[in-house]
Each structure stands twice: as structure tokens, then as C-alpha cells.
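# Remarks on the overall topology
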Amino acid sequence: MTKRQEHFRRRLAGAVPRITAVAIAAASMGFVCIALSFLVRRVTVRDSGGPEALVITARHQPQALIAMAGLEPERPEDTVTLRPQDDGSLLLLVQRGFSVKIAVDKTEVEALVSSGTVADLLAGADIFVGEDDEVTPALSSPVYEGMDTVRVARVFYREWKQREAIPFEVQFLDESETTAGPYLRDIVEQTGEDGLAEVTYRKKYVDGVYTEMQAVSTRILTEMQPEIHHKYYTNVVSPLPPPEGITVENNVPSSYTAVYSMKSTGYYSPGGRGASGLGLYYGTFACDPNVIPYGTKVYIASEDGSFVYGWAIATDTGAFALSNPMQVDLFYETYAESAAHGVRQVNVYIP
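Presented here is a report on the structure given in the accompanying data block. (Residues numbered from 1 in each chain as written. Predicted model: local features only at pLDDT ≥ 70, side-chain atom pairs only at ≥ 80, totals over all residues. Heavy atoms only, no water.)

### What about the overall build of the protein?
Along the backbone of the protein there are five helices and 22 strands. Residues counted as buried form 32% of the 351 residues belonging to the protein. Considering only contacts within the protein whose residues lie at least 6 apart along the sequence, 66% involve residues at least 24 apart. Total accessible area computed for the protein in this model is approximately 21600 Å², and 54% of it derives from carbon and sulfur atoms. (Helix = DSSP H or I, 4+ residues; strand = E, 2+ residues; numbered from the N terminus. Buried < 20%, exposed > 50% of the residue type's maximum accessible area, 1.4 Å probe, protein only. Contact = heavy atoms within 4.5 Å. Areas by Shrake-Rupley, 256 points an atom, 1.4 Å probe, with all protein chains shown as cover.)

### Some details on the sheet that holds strand 17 (residues 258-267)
Pairing is mixed in the closed barrel, where six strands are placed in the order 17-21-18-20-19-22. Strand-to-strand twist of the sheet, defined as the mean angle between neighbouring strand axes without regard to direction, takes the value 45°. Bridge analysis of strand 18 (residues 284-286) against strand 20 (residues 308-316) gives three bridges, and the strand direction is parallel. Bridging across to strand 20, Thr 284 finds its partner in Ile 313. (Pairing = 2+ DSSP bridges. Axes fitted to C-alpha atoms, helices over the stretch in contact; angles between N-to-C directions.)

### Examining the sheet that holds strand 7 (residues 134-136)
With mixed pairing, four strands are arranged side by side in an open sheet as 6-5-8-7. Unpaired on one side and paired on the other, strand 6 (107-113) and strand 7 mark the two borders of the sheet. When the angles between neighbouring strand axes are averaged without regard to direction, this sheet yields 20°. Sheet topology note: the strand 7/strand 8 (residues 150-153) ladder contains three bridges and is antiparallel.

### A short note on the nonpolar core
The biggest cluster of nonpolar side chains holds 25 residues, and the ones touching the most others in it are Phe 285, Ile 292, Ile 300, Tyr 309, Leu 330, Tyr 332 and Val 348. For this core, the secondary structure elements donating two or more residues are strand 17, strand 18, strand 19 (297-301), strand 20, helix 4 (320-323), strand 21 (327-331) and strand 22 (344-350). For Leu 330, the contacting residues outside a window of four places in its chain are Ser 264, Thr 265, Gly 266, Tyr 267, Thr 284, Phe 285, Ile 300, Phe 307, Tyr 309 and His 341. Grouped together as the second largest cluster of nonpolar side chains are 15 residues, Val 100, Ile 102, Val 104 and Val 143 included. (Core = buried A, V, L, I, M, F, W, Y, C linked by side-chain atoms within 4.5 Å.)

### Let's talk about the pairing of strand 5 (residues 98-104)
Among the seven residues that make up strand 5, five are buried, leaving the element largely enclosed by the rest of the structure. Here strand 5 folds back onto strand 6 in antiparallel fashion, the turn holding two residues, of which Asp 105 has a positive phi close to 50°. In this sheet, strand 8 lies alongside strand 5 in parallel orientation, the contact comprising three bridges. Its bridge partner being in strand 8, Ala 103 is matched across the sheet by Arg 151.

### Observations regarding the pattern of salt bridges
For the structure on display, the rule yields 12 salt bridges. Notably, a salt bridge pairs Arg 46 with Glu 52, separated by 2.9 Å at the nearest N-O pair. In this structure, Arg 154 and Asp 105 form a salt bridge, with 2.8 Å as the shortest nitrogen-oxygen distance. Placement of Arg 154 in the loop between strand 8 and strand 9 (155-166) and of Asp 105 in the loop between strand 5 and strand 6 is noted, with a sequence separation of 49 residues between them. Given a relative accessible area of 47%, Asp 105 falls into the partly exposed group. Residues participating in the shared-partner salt-bridge network are Asp 47, Arg 75, Glu 77, Asp 78 and Arg 96. (Salt bridge = Lys/Arg side-chain N within 4 Å of Asp/Glu carboxyl O.)

### Regarding unusual backbone geometry
Cis rather than trans, the peptide bond between Thr 136 and Pro 137 has omega equal to -5°. Structurally, Pro 137 can be placed in the loop between strand 7 and strand 8.

### Topic: the environment of Phe 285
Inspection of the secondary structure assignment puts Phe 285 in strand 18. Residues Phe 285 and Asp 329, spaced 44 residues apart in sequence, show a C-alpha to C-alpha distance of 5.5 Å.

### Some thoughts on a nonpolar patch on the surface
A cluster of nonpolar side chains, namely Val 40, Leu 54 and Ile 56, defines an oily patch on the protein surface of about 280 Å² accessible area. Mapped onto the fold, Ile 56 is located in strand 2 (residues 52-57). (Patch = residues over 30% accessible without salt bridge, like charges linked within 9 Å, V, L, I, M, F, W, Y side chains within 5 Å.)

### Describing the packing of aromatic side chains
Overall, the coordinates contain nine aromatic pairs when judged by the stated rule. Seen in terms of ring centroids, Tyr 299 and Tyr 349 are 6.5 Å apart; in terms of plane orientation they differ by 50°. Their pairing is tilted. Within this pair, whereas Tyr 299 is found in strand 19, its partner Tyr 349 is found in strand 22, the two being separated by 50 residues in sequence. Put simply, the rings of Tyr 256, Tyr 299, Trp 311 and Tyr 349 touch in pairs and so form one group of aromatic residues. Taking the ring centre of Tyr 282 as reference, the NZ or CZ of Arg 185 above it sits at 5.4 Å. A cation over a ring is seen here: Arg 202 above Tyr 157, with NZ or CZ 4.7 Å from the ring centre. (Phe/Tyr/Trp six-rings, centres within 6.5 Å; stacked < 30°, edge-to-face > 60°. Lys NZ or Arg CZ within 6 Å of the ring centre and 35° of its normal.)

### Topic: the side chain of Asp 133
Tracing the backbone shows Asp 133 in the loop between helix 3 (118-124) and strand 7. Of note is the side chain of Asp 133, whose polar atom sits 2.7 Å from the backbone nitrogen of Gly 130. Reaching out from Asp 133, the side chain makes a polar contact with the backbone nitrogen of Val 155 at a distance of 3.0 Å. Filtering out sequence-adjacent residues up to four positions away, Asp 133 remains in contact with Phe 128, Ala 153, Arg 154 and Val 155. (Polar contact = N/O pair within 3.5 Å; in protein donor to acceptor, adjacent residues only side chain to side chain.)

### With respect to the pairing of strand 1 (residues 41-47)
Across six bridges, the pairing between strand 1 and strand 2 is antiparallel. By the bridge assignment for strand 2, Thr 44 is matched with Leu 54. Where strand 1 hands over to strand 2, the hairpin turn is made up of four residues, counted between the paired strands.

Pasting the structure below:
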């Protein structure tokens, strides 16, 4: 080895540590640059109360970003939101607090808020809202700057119960087109009776002032009984109903104490109330009161059912009773009907 080569070898051996150090420093710097390229981002700072600013930084703390953008510091009533964007940048939203007026309990207060709902606003202002209280706008409505005054109306109800009559209804059963016979009947088959109900009323007071009243519930104590009108044609002369508890089948009452076979005639009178004073109308007849006392209701029909006078009340008597006590004279409201009756043999059932 020559003297020159030996000198080069020695210089190279001395430079290796320095070259290694430089290489390591360069590599570290590269790693730092790579790391910074991932940490440094563009941040758009958007302030509801001021201009928009752009910041390029590796710092991501909202308070630091606000300061770097030259904006006013965050206040307790402000809302700050940091959002990543699709392009890798960040968006910092600063919603400054604003004042909202609240009218409640006959006074008006102001509350600072930056977001949320009316419910959040009232809760933040320590305003209690009762179950029946009315809030305008609704509790779920969002708050916003410049909104109208939020109003809380205190609502109170007073309830009481009272008994009331239920007026009976009138029902009509018209069978005039499906029935036949010489006599058109329009009778009350069932009298109406009012019912009774217990009604609960409620009065509403808003901020101590009465506003309305309504019935909130009804409990039926006694059902009303409708009045039933029945219209029909029939061959039965009398419109009178049977005594309670008695029915008629094949022109024979379901219950009776005696039955007489009697001669019947028809008669007509333009006025008067009969010898008993009980009146003369379809369903009344004259008889010997010693056989059938005045006021007795009987059922009258021929034995073969070809003639049915129906239920009738003894209200009159006549000269015939002196010679034939086993005769009845049936009242008609027209002379022609009474003459057409002639003489018929009938059964008279005494309940």
C-alpha cells in the first residue's frame, strides 16, 4: 500500500461517523416532515357573529383555533363544533349565544342560548313547566336568533260533578204500508221516561283567568226509555193495550178469571162521557154494571176470530141491560161503523 492510499484510508475512517450522523439527521428530518404533513391541516373557522377565517395548523384545540383566527374567545353561552370534511380539512363552527325573551308568571325575562329547543331554553332558565301548562312555540321547537317571545301560560283546571236528566227519545215504527185492515192506528206503544246521568264538568283557567268549560265524562245512572209510536192498519177495533203481564194468542188472553158468551151490538154517540163519566171512544162499551162493573177492562172477540173488538173498558150502560144483562154495546166513532156491526155473538174475557 502506498503512502497516498494509507492517507485516504485514514481520512475515510475518520469521516464515517460524521457521514453516519448526517444520514441519521436527514432521515429524522424526513420522518418529521412526513409526520407534519399528516398533522398540519386547513381549518375553516366560521363564526356566526363575524367573518369566516382560514387557518393552517397542526393544532386542533377549538380555543386555540379561535385565537389563531383572530376571533373573540368562546363564551359560556356559545356552542363550538369541530367537524372533519371529506377533503381532509376541518370545519370549526362557532355559534354565538343570543338573547331570547320568555314571558312567564306575569313577567318577562331574558335567557342566553346558542342552540337547542324551547324545552332546553326553559330548563336553562330554571323555569318549571307543569303538565297542563301551555308553551308557545311548542317545547320541541328549535330556538333561533330573532325568534318571538317564548310564552308560558299557567293552566289550572277545576272539576265538579252534577246529576242531569237524559231526555227520552221519540222513535217511530211505521208499518202502514205492510199491514191491512179498516182501522189505522197511530198509538204510543211505550211511554218515554227520562234517564239520569252524572256528568263531570271541567273549567279551565289560564294564568288565573277563566277561559272555557267542557264536559269531560258522563256516567249513566239510569237508562232513558224511548217513547215508541206505532203506526199500522188492523182489523182490531180497539187501540187499547192489554193489562200488564197479559198476552193474547188465538184471541184468548193468557190469563182471565171468567168468560161470558154475550150478544154484541154497535152504537155511536157524538158526545158525552157515558154513564160512568169515564168517556166514550174506540175501546169502550156499554153493559149491565151489575155483571161487568164500570172501569173493568175486558177482551172481546168472536169465538171463531172473524171479529175482534180487542181490549175494552166498561164506561156506559143502556136500556137493553134491563131486559138482557148478557149483552154488550160496543162503541164506534162513526155511525156507519156502528150500523155495520149489526148483531154478533162474542166472548167477553174478564181478567
